[in-house]
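One letter stands for each residue in the lines below.
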Amino acid sequence: QMGLKDEMRIVCPNFSVTQRLIGGADVFEGVVGAVAYDWKLENIFATAKVFNEKYQLKSKGAPATSYSVYAYNGVRAVLESVRRAGTIETEAII
């Protein structure tokens, strides 16, 4: 630990599932941070519930993670750009 937590407060703006699994709970004790997505958002937002259900059907029951949502939103942004441009031509989309 090298005393870093004794000297300052650590802030991690975007935790990943991998970081938390590999590091373990002790490493992140007292660290302030956030995740881009948590499957439990389905308890608050109906759209998250729909996303989770559809994701789990495709992923053999695995819960959605931040990476799942990054991928979904990235593809959705590209598809929306193509729809608005009415073509798949790069210059029209950009």
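Here's what I pulled together on the structure shown here. Keep in mind the model is a prediction, meaning the values are calculated, not measured.

## Description of the nonpolar core
Inference 1: In terms of nonpolar packing, the biggest core is built from 5 residues, these being Tyr37, Ala48, Phe51, Ala64 and Val69.
Inference 2: Not counting residues up to four positions away in its chain, the partners in contact with Ala48 are Tyr37, Leu41 and Glu42.

## Let's talk about the pattern of salt bridges
Inference 1: The tally for this structure, following the rule as stated, stands at 3 salt bridges.
Inference 2: One salt bridge in this structure joins Lys49 and Glu53, with 3.4 Å as the shortest N-O distance. Here Glu53 and Lys49 lie together in helix H3 (residues 46-58), a separation of 4 residues that amounts to about one turn.
Inference 3: A salt bridge links Arg84 to Glu80; its shortest N-O distance comes to 2.9 Å. Of the two residues, Arg84 and Glu80 both sit in helix H4 (residues 66-85), 4 residues apart, roughly one turn of that helix.
Inference 4: Taking relative accessible area as the criterion, Arg84 reaches 67% and is therefore assigned exposed.
Inference 5: A residue is classified by how much of its surface remains accessible, and Glu80, at 29% relative accessible area, is partly exposed.
Inference 6: Residues joined in a network through salt bridges with shared partners are Glu80, Arg83 and Arg84.

Basis of the calculations
- Residues numbered from 1 in each chain as written.
- Predicted model: local features only at pLDDT ≥ 70, side-chain atom pairs only at ≥ 80, totals over all residues.
- Heavy atoms only, no water.
- Core = buried A, V, L, I, M, F, W, Y, C linked by side-chain atoms within 4.5 Å.
- Buried < 20%, exposed > 50% of the residue type's maximum accessible area, 1.4 Å probe, protein only.
- Contact = heavy atoms within 4.5 Å.
- Salt bridge = Lys/Arg side-chain N within 4 Å of Asp/Glu carboxyl O.
- Helix = DSSP H or I, 4+ residues; strand = E, 2+ residues; numbered from the N terminus.

In short, geometric facts, not functional conclusions.
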